[in-house]
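# Tertiary structure, described
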Amino acid sequence: QVQLVESGGGLVQAGGSLRLSCAASGRTFSSYGMGWFRQAPGKERKFVAVIRWSGGDTFYTDSVKGRFTISRDNVKNTVYLQMNSLKPEDTAVYYCAATPYGISRYVSEYPYWGQGTQVTVSS
């Protein structure tokens, strides 16, 4: 009963910025968390960041801490990922996901996923 749609991906030069959006619809709970994951070709899907709908608690993977910021707009039911100082290693398909655990970094704990959006960072 939760549908997620990502947008905002594209091509950017190293050092540049992009903001991804995830529009959520359907029935959700205040304890749910909204996360961002990314997957490069031939690689495992990896955790990037998560935010709790109620309270706004956040958690980031070490490689993006200080460069990426996750936020949410409760009225619009939308989650954002602001990506600054982008590096070629950030190139991947980015996925939005929802979890009943609130704060989680594990793919297996997210039952709802978006379709993904491509982010490419050139040198």
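For the structure, see preceding data.
Here's a quick rundown of the structure. (Residues numbered from 1 in each chain as written. Predicted model: local features only at pLDDT ≥ 70, side-chain atom pairs only at ≥ 80, totals over all residues. Heavy atoms only, no water.)

### With respect to the overall build of the chain
Helices and strands together make up the secondary structure of the chain, namely 0 helices and 11 strands. Taken over C-alpha atoms, the radius of gyration comes to 13 Å for the chain, in line with the 14 Å a tight globule of 123 residues would show. Each of the three principal axes of the chain carries a C-alpha extent, and together these read 40 × 30 × 25 Å. Each of the 123 residues in the chain was classed as buried or not, and the buried ones make up 41%. When contacts within the chain are restricted to residue pairs at least 6 apart in sequence, long-range pairs at least 24 apart make up 56% of them. Here the chain has roughly 6500 Å² of accessible surface; of this, 47% comes from carbon and sulfur atoms. Averaging the positions of the 13 positive and the 8 negative side-chain charges in the chain gives two centres separated by 3 Å. (Helix = DSSP H or I, 4+ residues; strand = E, 2+ residues; numbered from the N terminus. Rg over C-alpha atoms; globule rule 2.2 N^0.38 Å. Buried < 20%, exposed > 50% of the residue type's maximum accessible area, 1.4 Å probe, protein only. Contact = heavy atoms within 4.5 Å. Areas by Shrake-Rupley, 256 points an atom, 1.4 Å probe, with all protein chains shown as cover. Lys, Arg positive; Asp, Glu negative; His and termini not counted. Charge placed at Lys NZ, Arg CZ, Asp CG, Glu CD.)

### A short note on the packing of aromatic side chains
One pass over the structure, following the stated rule, counts 6 aromatic pairs. Consider the rings of Phe37 and Trp113, whose centres lie 5.1 Å apart with planes at 55°: the pair is tilted. Of this pair, Phe37 sits in strand E4 (residues 33–39) while Trp113 sits in strand E10 (residues 112–113); the two residues are 76 residues apart in sequence, bridging distant segments of the chain. The ring centre of Tyr95 lies 3.8 Å from the NZ or CZ of Arg45, which sits over that ring. Geometry around Trp113 places Arg45 over its ring, the cationic atom sitting 4.9 Å from the centre. (Phe/Tyr/Trp six-rings, centres within 6.5 Å; stacked < 30°, edge-to-face > 60°. Lys NZ or Arg CZ within 6 Å of the ring centre and 35° of its normal.)

### Overview of the environment of Ile51
With respect to the element layout, Ile51 can be found in strand E5 (residues 46–52). Relative accessible area serves as the criterion here: at 4%, Ile51 is assigned to the buried category. Along the primary structure Ile51 and Gly35 are separated by 16 residues, whereas in three dimensions their C-alpha atoms are 6.4 Å apart.

### A word on the pattern of salt bridges
Applying the stated criterion to the full structure yields 2 salt bridges. The closest approach of N and O atoms between Asp90 and Arg38, which form a salt bridge, is 2.9 Å. Of the two residues, Asp90 sits in the loop between strand E8 (78–83) and strand E9 (92–99) while Arg38 sits in strand E4, which places them 52 residues apart along the sequence. Neither Asp90 nor Arg38 differs from the other in exposure class; each is buried. When salt bridges that share partners are traced, they join Arg38, Arg67 and Asp90 into one network. (Salt bridge = Lys/Arg side-chain N within 4 Å of Asp/Glu carboxyl O.)

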